[in-house]
Amino acid sequence: QVQLVESGGGLVQPGGSLRLSCTANISTIRFNPMGWYRLVPGKQRELVATARTGGQTNYGDSVKGRFTISRDNAKNTLYLQMNSLKPEDTAVYYCNRPPLYGYLPWGQGTQVTVSS
């Protein structure tokens with residue numbers, strides 16, 4: 001069974017940066033469109049960025065210009081570079097396939113907290 005593992009979260013001040021990583025125990029990321037989601041308690045899960053296997057990317061309006069999604073297919077790893085972080089970016093971040101392709105089992109996520 002596929003296991004997704006997110007890492008790289010932490011506490012950062014507003015305006016700071018973090019880089020999240022997502023790996024899998026099998027070659028899932030390498031062969032699938034993937035995305036980064038975030039979840040805030042009491043709100044719906046938000047898809048913030050997607051990357052197709054060929055590298056084409058898309059971003060939600062809330063993160064456009066600040067976040068960059070990338071993938072290293074050779075390493076079977078997905079990344080999310082987050083710059084100019086804002087308090088409203090505070091959430092648990094998850095990686096998974098875009099909804100159109102069907103979800104894989106969710107990982108544990110990684111907590112990002114933006115606070116002074």
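Let us look at the structure shown here. (Residues numbered from 1 in each chain as written. Predicted model: local features only at pLDDT ≥ 70, side-chain atom pairs only at ≥ 80, totals over all residues. Heavy atoms only, no water.)

**Description of the overall build of the protein**
Argument step 1. For the protein, the helix and strand inventory stands at zero helices and ten strands.
Argument step 2. Reading the helices (α) and strands (β) of the protein from amino to carboxyl end gives β-β-β-β-β-β-β-β-β-β.
Argument step 3. In summary, the protein has a C-alpha radius of gyration of 13 Å against a globular reference of 13 Å for 116 residues, a match within 12%.
Argument step 4. If you line up the protein on its principal axes, its C-alpha atoms span 40 × 25 × 25 Å.
Argument step 5. Every one of the 116 residues in the protein was classed for burial, and the buried ones make up 44%. (Helix = DSSP H or I, 4+ residues; strand = E, 2+ residues; numbered from the N terminus. Rg over C-alpha atoms; globule rule 2.2 N^0.38 Å. Buried < 20%, exposed > 50% of the residue type's maximum accessible area, 1.4 Å probe, protein only.)

**Structural notes on the state of the cysteines**
Argument step 1. Scanning the model with the defined rule gives one disulfide in all.
Argument step 2. One disulfide in the model links C22 with C95; its S-S distance is 1.9 Å. For the disulfide bridge between C22 and C95, the dihedral angle about the S-S bond is near 60°, and by the sign convention the bridge is right-handed. Here C22 is found in strand β3 (residues 18-24), whereas its partner C95 is found in strand β9 (residues 91-96), with 73 residues between them in sequence.
Argument step 3. Under the relative-accessibility criterion, C22 is labelled buried at 0%.
Argument step 4. A relative accessible area of 0% means that C95 is categorised as buried. (Disulfide = S-S within 2.5 Å.)

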